[in-house]
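Here is what each chain is made of, one letter per residue.
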Amino acid sequence: MDKETLKNALADLDEDVALAQVKEMIENGVSGTEILAICQDAMQEVGDRYTREEYYVSDLMMAGETFTEICSILEESFPAAEGTDKLGTIVFGTVKGDIHDIGKDIVVNMLKAANFEVIDLGVDVPPQKFIDAVKESGATIVGMSGLLTLAFDSMKETIELLKSEGLRDKVKVMVGGGPVDQNVCNLVGADDWATDAQKPVLFAKKWVA
């Protein structure tokens, strides 16, 4: 049983070895919290490799899928009792009028790997659904994704609704997607923007610090 083996396997996208290592560690009495921490370090390395352009979007997706599977194994092995304190709660979704989910799913997985509680609303999410989720969860961060330019109107509408509901001062808002840039961020009234999967994690950590 080698903890570095798990970290390296996940970071190197070796799903079979990573899953086998997790199961072996559970059998040997390693806590779910410790296993999760190792996986979070590995996912951080995956993000760093993507930033250095050593990995591509497909690699992020593969790592995210493996991480999700590991989380499922841990949930089955350590129901409810185990777990670490979450850094914060984030409501995330692809906005109304857009059904692209690949980018959203990658970012959601990266945020979960960084120990955030993420409420994934899915795709084609109307503004009111974001508002309701913030109210119900007490989330302090909202993430909106969109790959189509028509998504900008939905992003702006959602942020305007946050204002009218008295929630805008209580949450930070990040927007992202292929066509998003600083001009779009300014247009819709968001706090920051990203077109990759690593920046949202950095934003979120900064905002909850």
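Our subject is the structure that appears above.
Described below are features of the structure shown in this document. (Residues numbered from 1 in each chain as written. Predicted model: local features only at pLDDT ≥ 70, side-chain atom pairs only at ≥ 80, totals over all residues. Heavy atoms only, no water.)

### Observations concerning the packing of aromatic side chains
Item 1. A full pass over the atoms with the stated rule returns 1 aromatic pair.
Item 2. Ring centres of phenylalanine 203 and tryptophan 207 lie 5.8 Å apart, and the angle between their planes is 25°; on these two criteria the pair is classed as stacked. Of this pair, phenylalanine 203 and tryptophan 207 both sit in helix α9 (residues 199–208), separated by 4 residues, roughly a single helical turn.
Item 3. Its relative accessible area of 10% is what places phenylalanine 203 among the buried residues.
Item 4. Directly above the ring of tryptophan 193 sits lysine 199, whose terminal nitrogen or CZ lies 5.7 Å from the centroid. (Phe/Tyr/Trp six-rings, centres within 6.5 Å; stacked < 30°, edge-to-face > 60°. Helix = DSSP H or I, 4+ residues; strand = E, 2+ residues; numbered from the N terminus. Buried < 20%, exposed > 50% of the residue type's maximum accessible area, 1.4 Å probe, protein only. Lys NZ or Arg CZ within 6 Å of the ring centre and 35° of its normal.)

### What to know about the packing of helix α6 (residues 127–137) against helix α7 (residues 151–164)
Item 1. It is the contact of α6 with α7, at a shortest axis distance of 9 Å, that shows an interaxial angle of 40°. If you check the angle between α6 and α7, you find them oblique. Between α6 and α7 lies a crossing of right-handed hand. Contact residues: Pro127, Gln128, Phe130 and Ile131 in α6; Ser154, Glu157, Thr158, Leu161 and Leu162 in α7.
Item 2. Its residues placed into classes, the contact of α6 with α7 shows 5 nonpolar, 3 polar and 1 charged. (Axes fitted to C-alpha atoms, helices over the stretch in contact; angles between N-to-C directions. Parallel < 35°, antiparallel > 145°, perpendicular 65-115°, else oblique. Left-handed = near helix turned anticlockwise from the far one by under 90°. Contact = heavy atoms within 4.5 Å. Nonpolar A, V, L, I, M, F, W, Y, C, P; charged D, E, K, R; others polar.)

### Here we look at the packing of helix α1 (residues 3–11) against helix α3 (residues 32–51)
Item 1. As a packed pair, α1 and α3 sit with axes 8 Å apart at the nearest point and diverge in direction by 35°. Handedness of the crossing formed by α1 with α3: right-handed. Contact residues: α1 offers Lys3, Leu6, Lys7, Leu10 and Ala11, while α3 offers Glu34, Ile35, Ile38, Cys39, Asp41, Ala42, Met43, Glu45, Val46 and Arg49.
Item 2. Residues of the contact of α1 with α3, tallied by class, amount to 9 nonpolar, no polar and 6 charged.

### Here's the deal with the side chain of lysine 104
Item 1. In this fold, lysine 104 is placed in helix α5 (residues 102–113).
Item 2. A polar contact of 2.6 Å, which involves the side chain of lysine 104, links it to the side chain of aspartate 105.
Item 3. What lysine 104 contacts, discounting residues up to four positions off in sequence, is Phe92, Gly93, Thr94, Asp120, Gly122, Val123 and Ser145. (Polar contact = N/O pair within 3.5 Å; in protein donor to acceptor, adjacent residues only side chain to side chain.)

### Some thoughts on α7
Item 1. Taking 1.5 Å per residue, 14 residues should reach 20 Å; α7 reaches 20 Å between its end C-alpha atoms and fits that length.
Item 2. Among the residues of α7, those classed as buried are Ala151, Phe152, Ser154, Met155, Thr158, Ile159 and Leu162. One side of α7 carries all its buried residues, which in axial view fall inside an arc of 165°. Facing away from the buried side of α7 by over 90 degrees, the exposed positions are Asp153 and Ser164.
Item 3. Where α7 is buried, its residues contact α6, β3 (141–145), β4 (172–176) and α8 (182–188).
Item 4. One or two positions beyond α7, positive phi appears at glycine 166, with a value near 75°. (Expected span 1.5 Å × (residues − 1). Arc of directions from axis to C-beta.)

### Describing the sheet that holds β3
Item 1. Reading across from one edge, β2-β1-β3-β4-β5 is the order of the 5 strands in this open sheet, with parallel pairing throughout. Each edge of the open sheet carries a strand with a single partner, namely β2 (117–120) and β5 (192–194). Averaged over all adjacent pairs, the angle separating strand axes in this sheet is 25°, with direction ignored.
Item 2. Sheet contacts for α6: β1 (89–94), β2 and β3; angle to β1, the most-contacted strand, approximately 165°. (Pairing = 2+ DSSP bridges.)

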